[in-house]
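Structural overview
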Amino acid sequence: RVHLACASDYDRTRFRQFESLEPSPPSSVREASVQPATPPVSPAELFEPVVGYEDVKDAFARAMDPARRPVHVLLLGPPASAKSLFLLQVSKLPGAYMVLGGTTSRAGLAEVLLEEQPAYLLIDELDKMDREDYSVLLSLCESGTVSVTKYQRRQRAELPATRVFAAANSDARIPGEVVSRFLRFRLRQYTADEFVAVVSHLLPRAEGTSEDLAAYIAQRLARRIESADVRDAVRLARLARSKDEVDRLLATMARYSCRAPTRLRASAL
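Residues numbered from 1 in each chain as written. Predicted model: local features only at pLDDT ≥ 70, side-chain atom pairs only at ≥ 80, totals over all residues. Heavy atoms only, no water.

Quick look at the nonpolar core
Phe-60, Phe-86, Val-90, Phe-165 and Ile-217 are the most contacted members of the largest nonpolar core, which totals 47 residues. With seven residues, the top contributor of residues to this core is helix H10 (residues 211-224). For Phe-165, the residues in contact, after removing those within four places along its chain, are Phe-60, Ala-63, Met-64, Val-73, Leu-87, Val-90, Tyr-120, Leu-121, Leu-122 and Ile-123. With 29 residues, the next largest nonpolar core counts Met-129, Val-164, Val-178 and Val-179 among its residues. (Core = buried A, V, L, I, M, F, W, Y, C linked by side-chain atoms within 4.5 Å. Buried < 20%, exposed > 50% of the residue type's maximum accessible area, 1.4 Å probe, protein only. Helix = DSSP H or I, 4+ residues; strand = E, 2+ residues; numbered from the N terminus. Contact = heavy atoms within 4.5 Å.)

And the structure:
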């Protein structure tokens, strides 16, 4: 499983290549309809790597229920607050498609929706999209309709069952009419103790790391990294096979870091 490294290291080249290509002229207006997807695993199993936030997990499960009409969800909060982890867990489901807001244009998003017809559209860094590029998302969330005009021909898809799950650090740059289409939850950053619990729980299951080494990575990151990030833990788990190797990598990270390391605040639990 490699999904946990995708939120920050997502392959932006895919979108640059995609937007640089012109598809062949469509022969006619295309109508499409996506069928609601049934999650192959229970929400409890799907979100098992996410420590805490049981009420948010319940809301996600309800929003994913194909028996309900779509409700779109936006997670807001600082880095290392489990926003991307929620999205990455949903991305494991059939019919899920993830995009990165900073590399997604209006035309690119429309093409993705027309071609992929996802059951779940996942948008990380929603606040990084250009203001004019939100129009496609607004139409999808409001009416379930997506359309794009190329070569003086219009392609159109009806996607009434597509559900949008998005994450952003802040909603300050997101147009109000877009924000209003989402059920919103503001997550706080994990405390040091919570971060240790998340990483210690996740690495053995996602990366096959021993429980002892996973706990060591978690404790070292929580103590030395300013913005403790689960993705850093995954990277260390992939590169280090011993505590000594973890220490050497952390020393290199500290030596070439752009920020002075500080301690996380103490747990309030």
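Once the structure has been displayed, the description carries forward.
Focus on the environment of Thr-209
If you trace the backbone, Thr-209 turns up in the loop between helix H9 (192-206) and H10. Remark: the alpha-carbon pair of Thr-209 and Ala-237, spanning 28 residues in sequence, is separated by 6.6 Å. Residue contacts for Thr-209: discarding those within four places in its chain leaves Leu-203, Pro-204, Ala-214 and Ala-237.

Examining the packing of helix H6 (residues 106-116) against helix H7 (residues 135-143)
Interhelical geometry of H6 versus H7 gives an angle of 40 degrees and a closest axis separation of 8 Å. Accordingly, the angle class assigned to the pair H6 and H7 is oblique. When H6 is examined against H7, the residues Arg-106, Leu-109, Ala-110 and Leu-113 are found in contact with a partner set consisting of Ser-135, Val-136, Leu-137 and Leu-140. Residue composition of the contact of H6 with H7, by class: six nonpolar, one polar and one charged. (Axes fitted to C-alpha atoms, helices over the stretch in contact; angles between N-to-C directions. Parallel < 35°, antiparallel > 145°, perpendicular 65-115°, else oblique. Nonpolar A, V, L, I, M, F, W, Y, C, P; charged D, E, K, R; others polar.)

Focus: the sheet that holds strand S7 (residues 182-186)
Here we have five strands laid out as an open sheet, ordered S2-S3-S6-S1-S7, and parallel in their pairing. Each edge of the open sheet is held by one strand with a lone partner, namely strand S2 (96-100) and S7. Between one strand axis and the next, the sheet turns through 15 degrees on average, direction left out of account. Bridge count for strand S3 (residues 120-124) against strand S6 (residues 163-168) is four bridges, and the pairing is parallel. (Pairing = 2+ DSSP bridges.)

Comments concerning the packing of aromatic side chains
Tallied over the full model, the rule gives seven aromatic pairs. A centroid spacing of 6.1 Å and a plane angle of 40 degrees characterise the contact between Tyr-53 and Tyr-190, whose relative ring orientation is tilted. Highlighted residues: Tyr-53 in the loop between helix H3 (43-46) and helix H4 (54-64) and Tyr-190 in the loop between S7 and H9, separated in sequence by 137 residues. A single burial state applies to Tyr-53 and to Tyr-190, both of which are buried. Members of the aromatic cluster, each reached through a chain of ring pairs, are Phe-47, Tyr-53, Phe-60, Phe-86, Tyr-120, Phe-165 and Tyr-190. (Phe/Tyr/Trp six-rings, centres within 6.5 Å; stacked < 30°, edge-to-face > 60°.)

Details of H9
Given a rise of 1.5 Å per residue, 15 residues ought to cover 21 Å, and the 21 Å separating the end C-alpha atoms of H9 matches this to within 8%. Turning to H9, its buried residues are Ala-192, Glu-194, Phe-195, Val-198, Val-199, Leu-202, Leu-203, Pro-204 and Ala-206. Gly-208 sits one or two positions beyond H9 and adopts a positive phi of about 70 degrees. (Expected span 1.5 Å × (residues − 1).)

A closer look at the side chain of Arg-220
Residue placement: Arg-220 occurs in helix H10. Those residues in contact with Arg-220 that lie beyond four places of it in its chain are Asp-247 and Leu-250.

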